[in-house]
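What follows is the residue order along each chain.
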Amino acid sequence: PPKGPLSGKRILITAGPTREAIDPVRYMSNHSSGKMGYALAQQAVRAGAQVTLVSGPVSLPTPGGVHRIDVISAADMHEAVMQHAKNNDVFIACAAVADYRAADQQPQKIKKNQQELTLTFVKNPDILADVAKMQQGPFTVGFAAETQDVAHYAKDKLQRKGLDMIAANDVSDSRIGFNADQNALHVFWSGGDQLLPVASKLEVASALLTLIQQRMSACQ
Ligand code: C5P
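Definitions and limits used
All residue numbers refer to position in the chain's written sequence, counted from 1. The predicted origin of the model limits local features to residues at a pLDDT of at least 70 and limits the giving and counting of side-chain atom pairs to 80 or more, whereas totals for whole chains, interfaces and linings rest on all residues. No hydrogens and no water enter the side-chain calculation; it runs on all heavy atoms of the structure. UniProt positions are given in the numbering used here, feature names are shortened, and annotations may be inferred rather than shown by experiment. Per the convention used, a helix needs a DSSP run of H or I reaching at least four residues, while a strand needs a run of E reaching at least two, with both numbered from the N terminus. Throughout, a contact is declared for two residues whenever any of their heavy atoms are within 4.5 Å. Here a residue is near a molecule or strand as soon as one of its heavy atoms is found within 4 Å of it. N or O atoms within 3.5 Å of each other form a polar contact, as long as, within protein, one can give a hydrogen and the other can take it, and as long as residues adjacent in sequence are counted only when both atoms are side-chain atoms. When residues are sorted by character, Ala, Val, Leu, Ile, Met, Phe, Trp, Tyr, Cys and Pro go into the nonpolar class, Asp, Glu, Lys and Arg into the charged class, and all the rest, Gly among them, into the polar class.

Draft legend 1. A look at the UniProt feature "binding site: CTP" (unreviewed entry) in the protein. With numbering aligned to this structure, UniProt lists the feature "binding site: CTP" (unreviewed entry) at Asp-99, Lys-109, Pro-125, Asp-126, Ile-127, Leu-128, Phe-143, Lys-157 and Lys-161. Of the residues just listed, which span 63 residues, the most distant C-alpha pair is 38.0 Å apart, and they do not cluster in one region. One can find Ile-127 in helix α3 (residues 127-132). With residues near it in sequence (within four places) discarded, Ile-127 still touches Ala-74, Met-77, His-78, Val-81, Phe-91 and Val-97. Along the chain, the position of Lys-157 falls in helix α4 (residues 150-160).

Draft legend 2. Highlighting the site of the ligand. All residues adjacent to the ligand are Ala-93, Ala-95, Val-97, Asp-99, Pro-125, Asp-126, Ile-127, Leu-128, Gly-142, Phe-143, Lys-157 and Lys-161. Backbone polar atom of Ala-95 to an oxygen atom of the ligand: 2.6 Å apart, as the coordinates give it. Here a nitrogen atom of the ligand sits 2.8 Å away from a polar atom, N or O, in the main chain of Pro-125. Counting only elements with at least two residues in the shell around the ligand, the list comes to α3 and β9 (139-146). Grouping the amino acids of the shell around the ligand by side-chain chemistry returns seven nonpolar, one polar and four charged.

Have a look at this one:
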């Protein structure tokens, strides 16, 4: 394996959207492209890490050297992550997990014979918060996609979910929003923060991995 700043580290990353089935032909999802999570996986391999990527449905090639586990729903992603989290040094939750799923998946296609349709959704498990709660779990990094008060919501999420680090991005900025090839992050940890200015997702991924590695050595 390549020697690098993350040599010997095992990193688990989630990426992409999840899909929540409504009936056999329909689902609820979101606009996540998976690009940021895949960029992190690619750069983590370059930095010498052993990388497991738990990916929702995306149309991206698997970066070389990455162990990719494909999942569809948040429940599937939760199961895969909980199975692997204890064997990893770092967990980065980059996936745009659907917050809700249909309370009852309809076994047959829903017919359009009513003027109104009401569906009930129930909350999905919070994968990131569950990993952060683990005893002797990995160094845990979350993302916060916000459209306003980015720093405020990110710091709140860092505390509430008990994370080691959070990377906030302003998805209302079209240069760096969903499906863009660039990103910019404001990263927070307990006692500090750093701005990672607009750059390609690969460059931003590298900068974030460097910060993670610095915080991990500072915490040891
Ligand atoms: O609370 P919110 O959804 O804004 O938090 C975003 C962060 O939490 C992201 O890192 C995302 O991957 C993670 N998350 C998760 N499981 C969920 C919801 C969000 O891992 N069910």
